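Fold and geometry: a report
Letter by letter, the chains look like this.
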Amino acid sequence: MEPEHPPVTRRTSTVRALRHHLPVVVLMLLLGALAGWLYGASTPTTYTSTTRVLVNPSVGNPFAPTPASVREDELTSLETEAQVVRSAEVLRSVARRTDLTAAELQRGVGVVVPANTQILQISFSATDPVVARQLADAVAAAYLANRE
C-alpha cells in the first residue's frame, strides 16, 4: 500500500516555493542593500549657503529712508535684480577671484525673492560647506559692486 500524502493546498505550495527559493531571495536582498550603500557612499553631499541682500526698503516701512510718497512703480524690480545677480558680468567678476569659471558658478548659484520683501536671497551649492559660504558671499559682494 502506498503512503498517504497530505493534500496539497495553496498554503503548502507557497511554503514549499519559499523554502526552495529562500537562498535566492536572501542573496537578492543582500545585493540590493549593498548597491544602496555603495550609491550612498559614492554620492557627494551638497551644502547650500544663503546670504541676504536688502535692495531697497519697502514703501511704508518706518525705517525706510525714502518718503512714504514714493510710488510703487518707482521701486526696484527685484525680478530684474535677481537676473543681474546671475548675469555673466557679475559671475565673471567672481570667477576672476576664484579658480572657477563663470559657467561653473552659474550652476551653483541661485536667487530667490521672498514675497512682499525687498530682499534677494543669494545661495550657492557646493560639496564643501566653507566653499559654499565663501562663494555665496562673493556673489553677493560682486552684485553690490556691480550696482554701485
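Residues numbered from 1 in each chain as written. Predicted model: local features only at pLDDT ≥ 70, side-chain atom pairs only at ≥ 80, totals over all residues. Heavy atoms only, no water.

This paragraph deals with the overall build of the protein. Helix and strand counts for the protein stand at five helices and three strands. Scanning the protein from its N terminus toward the C terminus, one meets helices and strands in the order α-β-α-α-α-β-β-α. Within the protein, the fraction of its 148 residues that count as buried is 24%. About 10800 Å² of surface is accessible on the protein, with carbon and sulfur atoms providing 59% of the total. (Helix = DSSP H or I, 4+ residues; strand = E, 2+ residues; numbered from the N terminus. Buried < 20%, exposed > 50% of the residue type's maximum accessible area, 1.4 Å probe, protein only. Areas by Shrake-Rupley, 256 points an atom, 1.4 Å probe, with all protein chains shown as cover.)

Here we come to the sheet that holds strand β1 (residues 47–54). With antiparallel pairing, three strands are arranged side by side in an open sheet as β1-β3-β2. Edge strands, defined here as strands with exactly one partner in the open sheet, are β1 and β2 (109–112). Mean inter-strand twist for the sheet, computed between neighbouring axes without regard to direction, equals 25°. The pairing of β2 with strand β3 (residues 119–126) spans four bridges and is classified as antiparallel. Its bridge partner being in β3, V112 is matched across the sheet by Q121. The strands touched by helix α2 (residues 78–85) within the sheet are β2 and β3, with β3 carrying the most contacts at an inclination of about 30°. (Pairing = 2+ DSSP bridges. Axes fitted to C-alpha atoms, helices over the stretch in contact; angles between N-to-C directions. Contact = heavy atoms within 4.5 Å.)

This part takes up the nonpolar core. Counting 24 residues, the largest nonpolar core has L120 and I122 as the members making the most contacts within it. Elements represented by at least two residues in this core include exactly α2, α3 (88–97), β2, β3 and α5 (129–147). In terms of residues, this core owes the most to one element, α5, which gives eight residues. Ignoring any residue separated from it by four or fewer positions in sequence, one finds I122 in contact with S49, T50, T51, V53, V85, V109, G110, A136, V139 and A140. (Core = buried A, V, L, I, M, F, W, Y, C linked by side-chain atoms within 4.5 Å.)

Mapped onto the secondary structure, A132 falls in helix α5. Looking at A132, the relative accessible area reads 1%, which means it is buried. In this structure, the C-alpha to C-alpha distance between A132 and T46, residues 86 residues apart in sequence, is 9.1 Å. Discounting chain neighbours no more than four positions away, the residues touching A132 are Y47, S49, F124 and A126.

For α3, the complete set of buried residues consists of V90, L91, S93, V94 and A95. Looking at the packing, one finds that the buried side of α3 touches α2, α4 (102–108), β2 and α5.

Glancing now at unusual backbone geometry. For N116, which is not glycine, the phi dihedral falls at a positive 60°. Residue position: N116 is located in the loop between β2 and β3. By relative accessible area, N116 is classed as exposed at 78%.

Take the packing of α2 against α5 next. For the pair α2 and α5, the least separation of the axes is 10 Å and the interaxial angle reads 115°. Viewed along their axes, α2 and α5 adopt a mutual orientation that is roughly perpendicular. Crossing geometry of α2 relative to α5 is assigned as right-handed. Between α2 and α5, the contacting residues are E81, V84 and V85 on the first element and V139, Y143, N146 and R147 on the second. Broken down by class, the residue content of the contact of α2 with α5 amounts to four nonpolar, one polar and two charged. (Parallel < 35°, antiparallel > 145°, perpendicular 65-115°, else oblique. Left-handed = near helix turned anticlockwise from the far one by under 90°. Nonpolar A, V, L, I, M, F, W, Y, C, P; charged D, E, K, R; others polar.)

Just geometry here; none of it tells us what the structure is for.
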